[in-house]
Amino acid sequence: MPSWPLNQWYVAAYSREITDGLLGRTICGEPLVFYRTSDGEVVALADRCVHRRYPLSLSHLKDDQIICGYHGFTYDRTGGCVAAPGQKRIPRTARVPAFEVREVDSLVWVWIGEQDRVDDALLPRAPWLDSPDYTTVRGMEPLQARYGLLVDNLMDLSHETYLHGGYIGTPEVAETPITTEVDEDARVVYVSRHMADAACPPFYARSTGIEGRITRWQDIEYHPPCLYLLHSRIAPVGVEPPADGPDDRAFHVEVVYAITPETEHSTHDFWMVARDFALEDQEVSDFLAENNRTVVLQDVVALDVLEQVVEGEKENYQELSINIDTGGLAARRLLAAMVKDGEEQPAPVTAR
Amino acid sequence: MTADLPAPERMLTGRTVYRVVWKLNTDVLVGYCWCGAPHESEDPIELWEWLLAHPDQHDDASGEGGSDAPAPSDQRELVSR
Ligand code: FES
Ligand SMILES: [Fe+2]
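Residues numbered from 1 in each chain as written. Chains lettered and ligands numbered in written order. Predicted model: local features only at pLDDT ≥ 70, side-chain atom pairs only at ≥ 80, totals over all residues. Heavy atoms only, no water.

- In the annotation of an unreviewed UniProt entry, the entry for chain A reads Vanillate O-demethylase monooxygenase subunit, and the organism field reads Nocardioides panaciterrulae.

Here it is as structure tokens:
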């Protein structure tokens, strides 16, 4: 049984990745092929030809149909086979599974699980990503580690001080207490850390132009399994948000991660940084993109190592958890409950 | 006991909202059940176990302090990967 919850939405790609070609990508152990039809709709099909299993992602797209690159079976956007070489009669079972897809906030989501149980209400949102009030930089790094290790990593920002010193980490991050809240029904974990008077890390000093000490807030919102939001507020010390009206004397950075399992031991690490200042400033964009990628790669290197350690360790190895792990533990517990829910099969229908 | 807690950014309400705050200048975590009952611990796993078990103990005479009982099965999920 998979370690990720089934019957959930996962981010499969950025909108801009799916243009006029075929994109092959494995999501939660499912090899999928994505393309965009001439009317702009995104299609996701299983990436295996029914004939001899040739990957459709290595085939040809013509008139919104995929022509298999091996012997020419042709599939329409529903996965139905519409042509087979040298035959008039197309086998009735010639069909590749199609997956439900939604495109919102510049993200392409795919429903992993039973396709007739698709639920739009479960789709979490990140509206900054394609809002005209924000400028977003983004990337995606392949991670050779199970997705749970990335969840742990992101739920505890104390590691910023050590793993990301000189970029986003300063001593205050590890030293400031955290508040954790869990909404069991809504299945959201909130982890907040508010630093009233902190050093400004280079990541923010360079992009905001603030000199001197800052008030730095980190409010995490994790919607398991896939979407992680870090609402980051940076302001000169003493600048508090007004009781009413816009908080326009502060800088806001919305850091978004989509944590998409690829296999049991690898993950698509989608990262995005949206900001509400210097919107047109390409230099700031380049700086944030390059620096954030560096920070993400620091995590990737550490987690790739950790995956090897975890795979090699004895069963029932005991970790030690401390205060900073409160949010991570809550996330693991929600995920475990969702994995269990996802496994529950609808009552079997006996038919002959 | 709650006077020196850090100010919350947001206070969620609801029947299934649990809250854990880190007591300033200590290693103590304070957990709040949705019913308002607090519990202190230096161990986040023990604290989550107490919180998640707490609603079952609302009618229990031993009240909010009792968490010495061994963890029932689903509480182990806290540490599983
Ligand atoms: S493998 Fe696709 S047509 Fe033969
Ligand atoms: Fe990190």
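**Section: the nonpolar core**
Residues and elements named next belong to chain A.
Logical step 1: Formed by 95 residues in total, the largest nonpolar core has its most connected members in I27, F34, M155, V189, Y222, Y228 and I259.
Logical step 2: Among the elements that take part in this core, helix 5 (residues 282-312) stands out by supplying eight residues, more than any other.
Logical step 3: Both of domain 1 (8-122) and domain 2 (133-312 + 323-340) provide at least three residues apiece to this core.
Logical step 4: Not counting residues up to four positions away in its chain, the partners in contact with V189 are M155, T180, E181, V182, I220, E221, Y222, G327, A330, A331 and L334.
Logical step 5: Of all hydrophobic cores here, the second largest spans 14 residues; its members include C49, L56, Y75 and C81. (Core = buried A, V, L, I, M, F, W, Y, C linked by side-chain atoms within 4.5 Å. Buried < 20%, exposed > 50% of the residue type's maximum accessible area, 1.4 Å probe, protein only. Helix = DSSP H or I, 4+ residues; strand = E, 2+ residues; numbered from the N terminus. Domains from an automatic or database assignment. Contact = heavy atoms within 4.5 Å.)

**Looking at the sheet that holds strand 16 (residues 227-236) of chain A**
Hydrogen bonds between backbone groups are what pair the strands of a sheet, and the pairing can be parallel or antiparallel.
Logical step 1: Pairing within the open sheet is antiparallel, and its 10 strands lie in the order 12(A)-18(A)-17(A)-16(A)-15(A)-14(A)-13(A)-1(B)-2(B)-3(B). A single partner strand is all that each edge strand has here, and the edge strands are strand 12 (135-143) of chain A together with strand 3 (38-41) of chain B. Mean inter-strand twist for the sheet, computed between neighbouring axes without regard to direction, equals 15°.
Logical step 2: Pairing of strand 12 of chain A with strand 18 (residues 266-275) of chain A involves nine bridges; the strand directions are antiparallel. Its bridge partner being in strand 18 of chain A, A:G139 is matched across the sheet by A:W271.
Logical step 3: Each of strand 12, strand 17 (251-263) and strand 18 of chain A touches helix 5 of chain A; the most contacted strand, strand 12 of chain A, lies at about 25° to it.
Logical step 4: In this fold helix 6 (residues 326-343) of chain A packs onto strand 13 (179-183), strand 14 (188-198) and strand 15 (214-223) of chain A together with strand 1 (17-22) and strand 2 (29-32) of chain B, with an angle of close to 165° to the strand it touches most, strand 14 of chain A. (Pairing = 2+ DSSP bridges. Axes fitted to C-alpha atoms, helices over the stretch in contact; angles between N-to-C directions.)

**A few points about the packing of helix 1 (residues 147-155) of chain A against helix 5 of chain A**
Residues and elements named next belong to chain A.
Logical step 1: Contact geometry of helix 1 with helix 5 gives a least axis separation of 10 Å together with a crossing angle of 130°. Judged by the inter-axis angle, helix 1 sits oblique to helix 5. Of the two possible hands of crossing, helix 1 and helix 5 adopt the one that is right-handed. Contacts from L149, L150 and N153 in helix 1 reach D299, L303, L306, E307 and V310 in helix 5.
Logical step 2: Here the residues of the contact of helix 1 with helix 5 sort into five nonpolar, one polar and two charged. (Parallel < 35°, antiparallel > 145°, perpendicular 65-115°, else oblique. Left-handed = near helix turned anticlockwise from the far one by under 90°. Nonpolar A, V, L, I, M, F, W, Y, C, P; charged D, E, K, R; others polar.)

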